[in-house]
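# Structure at a glance
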Amino acid sequence: MVPLCVRRFTETFLTERDKPSKWSGIPQLLLKLYATSHLHSDFVECQNILKEISPLLSMEAMAFVTEERKLTQETTYPNTYIFDLFGGVDLLVEILMRPTVSLRGQKLKISDEMSKDCLSILYNTCVCTEGVTKRLAEKNDFVIFLFTLMTSKKTFLQTATLIEDILGVKKEMIRLDEVPNLSSLVSNFDQQQLANFCRILAVTISEMDTGNDDKHTLLAKNAQQKKSLSLGPSAAEINQAALLSIPGFVERLCKLATRKVSESTGTASFLQELEEWYTWLDNALVLDALMRVANEESEHSQGASEENGLPHTSARTQLPQSMKIMHEIMYKLEVLYVLCVLLMGRQRNQVHRMIAEFKLIPGLNNLFDKLIWRKHSASALVLHGHNQNCDCSPDITLKIQFLRLLQSFSDHHENKYLLLNNQELNELSAISLKANIPEVEAVLNTDRSLVCDGKRGLLTRLLQVMKKEPAESSFRFWQARAVESFLRGTTSYADQMFLLKRGLLEHILYCIVDSECKSRDVLQSYFDLLGELMKFNVDAFKRFNKYINTDAKFQVFLKQINSSLVDSNMLVRCVTLSLDRFENQVDVKVAEVLSECRLLAYISQVPTQMSFLFRLINIIHVQTLTQENVSCLNTSLVILMLARRKERLPLYLRLLQRMEHNKKYPGFLLNNFHNLLRFWQQHYLHKDKDSTCLENSSCISFSYWKETVSILLNPDRQSPSALVSYMEEPYMDIDRDFTEE
């Protein structure tokens, strides 16, 4: 819809057509608004007209977000439609931006109250009328201008709400470095404003088409990376850098994330904010739910006071604890998300250093029981139409965001030891001393003044709730990912033993075998965690054998592994690598495990390895490779690298050829593997790729990875270790171009 200009119509025409057309007098009001909002106006009459228009639109917006809208899908919103049809949206944008236009050297000033009315009307029109938000998003100068309106507390909430909606549909990400005086703007926010501002930041610092999504193919991601290299940093990266350049920004986020409920906003300012939360959360019923909780707790408190003969305090002056908690949860959600994104960005090391310095981890540890993993009360707030266990509820979302932050914080970074307390760090040292192995350097370098305090560190608290989690819980996946990230990197015997002593291996096996977990995501995270926990660790294999002590249990375990190799291949890789290391060790304890462990005996059989190898190659193709399933390719390479070490690579290739013929797949498997290896070279040998992950996970030098791939891709058909030597010429198809199909 192209808006009309109300100036094209006479007042007489608009008055005559108003009643039969059911325009509610909106075009006439817009005509008056245009006449009274010129540059020489004092805007008093203009504001009075806005006060008349506002309720006509706000009632429709309120109806839009209530349950009745869902029941009557045919409902229309004529007032907001008419307002936009006759140019109301464009007129309000013009009025708001007029202060930026100089008049004879003097800038005009619109009152905060008038700006607030304009913003509310614009927001309500965006809510009810399709296409308005997108049109506003195309006005880049207007979007940038909106940020300047956040300097006033009176207009902050309406401005932030409108900006968030606009940025949500904007095709191109806004650049924060174009916002005038960004550093001053953010620095002058109080803590409450900064927490709300994080909702906007969440849109501006996250990649719009996130290449980190496991579902994106590596072909597409590589193409995007090549394009990005020629274009320079993305808008999200520029925005992250802009925020990190603001003095004290990360420190204030850490304080917000770790402040206790008792330290949060006072009752009066919170209740004032609640009155406008219906727009902020895009759901009027959130406010109703909050007030319902307040009334319930107020009635309970009043009843108790009357029984004791004590006076009671009004609910508007004594804020119920559950509302304080929910208020804080809603804030922490956004703050933790921003910190998590910054932790995964280009300035990761800088952010890591600041987060450690400002004691985010000890602060979260102190909030763990009372806020982050608190028990639900009978009147705990949930959004309308949801329940306490719904992934959309604030409590659930906070827990997941907290676990994602822990995962990002621990992943391949020595600061992960800040998740422990002093006593637990001493325990790691004692484990190394007892095993007669050097202490981990990162443990020795950990600043003890920055670690968790109290009886338990954050990692130990996480393990405790993880073991109590119900089988159907949505948290199991994120909990396993967070703990696994602590183990990632160079394998640490002390780290493994720390977790083994706390019963983690038995818990994982119980979930995989005894509860017969069906969730593929949870199974994958448990298999990955189990692999990191057991890799090269004789004690872990002994514990495994003690738990999986019957053939029936072992068969259930194998069934889970074989049900999806995409999910379990990392465990297969870790067991295969461990077997190879154990076989080369002369130790009584190792020999005992090799002779007794069902899992090691199973993996040691060549037919088992060949079965895994065949299926790993068969379930992936260059066009379907993602960050999630590329591990299948690397696991198949590990099997062949270990065979090469034992001079058995030709044997394994010959067996693959035989299996290919037996399965009636002449040429298919080996051609596919050849293409996968060619892609592997393009992907991993690129200068911006970090090969240390492959080295750390396998303890095989990257040069050996490269050599093995080169040997397999050798075009000489006389080479016994080249794939082409086992392909029949009629079925060869090894020069395919890698393009998205």
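Up top is the structure.
The following paragraphs examine the structure supplied in this document. Please read all numbers here as calculations on a predicted model, not as lab measurements. (Residues numbered from 1 in each chain as written. Predicted model: local features only at pLDDT ≥ 70, side-chain atom pairs only at ≥ 80, totals over all residues. Heavy atoms only, no water.)

## Side note on the overall build of the chain
Each helix and strand in the chain was counted, giving 40 helices and 2 strands. Out of the 741 residues belonging to the chain, those deemed buried represent 55%. Contacts spanning at least 24 positions in sequence make up 77% of the contacts within the chain whose residues lie at least 6 apart. For the chain, the accessible area works out to roughly 33800 Å², and carbon and sulfur atoms hold 50% of it. (Helix = DSSP H or I, 4+ residues; strand = E, 2+ residues; numbered from the N terminus. Buried < 20%, exposed > 50% of the residue type's maximum accessible area, 1.4 Å probe, protein only. Contact = heavy atoms within 4.5 Å. Areas by Shrake-Rupley, 256 points an atom, 1.4 Å probe, with all protein chains shown as cover.)

## Section: the packing of helix α37 (residues 649–662) against helix α38 (residues 668–684)
In the contact formed by α37 and α38, the axes pass within 8 Å of each other and the chain directions differ by 130°. The angle between the axes of α37 and α38 places the two elements in the oblique class. For the pair formed by α37 and α38, the contact residues are Leu656, Gln657 and Glu660 on the first element and Phe668, Leu669 and Leu670 on the second. Of the residues assigned to the contact of α37 with α38, the class counts are 4 nonpolar, 1 polar and 1 charged. (Axes fitted to C-alpha atoms, helices over the stretch in contact; angles between N-to-C directions. Parallel < 35°, antiparallel > 145°, perpendicular 65-115°, else oblique. Nonpolar A, V, L, I, M, F, W, Y, C, P; charged D, E, K, R; others polar.)

## Comments concerning the pattern of salt bridges
In total, this model carries 27 salt bridges according to the counting rule given. Residues joined in a network through salt bridges with shared partners are Asp411, Arg481, Glu484, Arg488 and Asp528. (Salt bridge = Lys/Arg side-chain N within 4 Å of Asp/Glu carboxyl O.)

## Observations concerning the packing of helix α35 (residues 606–618) against α38
Where α35 meets α38, the axes come as close as 9 Å, and the angle between the chain directions of the two elements is 70°. The angle between α35 and α38 falls in the class roughly perpendicular. For the crossing formed where α35 meets α38, the hand is left-handed. Residues Phe614, Ile617 and Asn618 of α35 form the contact with α38, whose own contacting residues are Phe668, Leu669, Asn672, Phe673 and Leu676. Class assignment for the residues of the contact of α35 with α38 results in 6 nonpolar, 2 polar and no charged. (Left-handed = near helix turned anticlockwise from the far one by under 90°.)

## So, the packing of aromatic side chains
Here the structure, examined in full by the defined rule, presents 17 aromatic pairs. Taken together, a centroid distance of 5.3 Å and an interplanar angle of 75° make the contact between Phe156 and Phe189 edge-to-face. With Phe156 in helix α10 (residues 153–169) and Phe189 in the loop between α11 (182–187) and α12 (191–204), this residue pair connects regions lying 33 residues apart in the sequence. With a relative accessible area of 3%, Phe156 lands in the buried category. When the centroid spacing of 5.8 Å and the interplanar angle of 15° are considered together, the rings of Phe368 and Trp373 count as stacked. Across the pair, Trp373 and Phe368 agree in class, each one buried. Pairwise contacts between aromatic rings join Phe147, Phe156, Phe189 and Phe197 into one cluster. Directly above the ring of Phe536 sits Arg581, whose terminal nitrogen or CZ lies 3.7 Å from the centroid. (Phe/Tyr/Trp six-rings, centres within 6.5 Å; stacked < 30°, edge-to-face > 60°. Lys NZ or Arg CZ within 6 Å of the ring centre and 35° of its normal.)

## Concerning the side chain of Lys170
Here Lys170 is to be found in the loop between α10 and α11. No salt bridge is formed by the buried Lys170; its nearest oppositely charged neighbour, Glu172, is found at 6.2 Å. Separated by 3.2 Å, the side chains of Lys170 and Asn140 make a polar contact. (Lys, Arg positive; Asp, Glu negative; His and termini not counted. Polar contact = N/O pair within 3.5 Å; in protein donor to acceptor, adjacent residues only side chain to side chain.)

## Quick notes on the nonpolar core
The tendency in soluble globular proteins is for nonpolar side chains to be buried side by side. In this structure, Phe147 and Phe557 are the most contacted members of the largest nonpolar core, which totals 227 residues. At 14 residues, helix α19 (residues 321–343) tops the list of elements feeding residues into this core. There are two domains that each give this core at least three residues, and those are domain 1 (1–68 + 75–172) and domain 2 (632–740). Apart from the residues within four sequence positions on either side, Phe557 is in contact with Leu509, Ile512, Val513, Phe527, Leu530, Phe544, Leu571 and Leu599. (Core = buried A, V, L, I, M, F, W, Y, C linked by side-chain atoms within 4.5 Å. Domains from an automatic or database assignment.)

## Regarding the environment of Ser611
Counting through the fold element by element, Ser611 comes out in helix α35. What makes Ser611 partly exposed here is its relative accessible area of 27%. It is 9.2 Å that separates the C-alpha atoms of Ser611 and Leu656, two residues lying 45 residues apart in sequence.

## Some words on the environment of Gly363
Along the chain, Gly363 falls in helix α21 (residues 360–372). Given the relative accessible area of 13%, Gly363 is considered buried. Note: C-alpha distance between Gly363 and Val451 (88 residues apart in sequence) is 9.9 Å.

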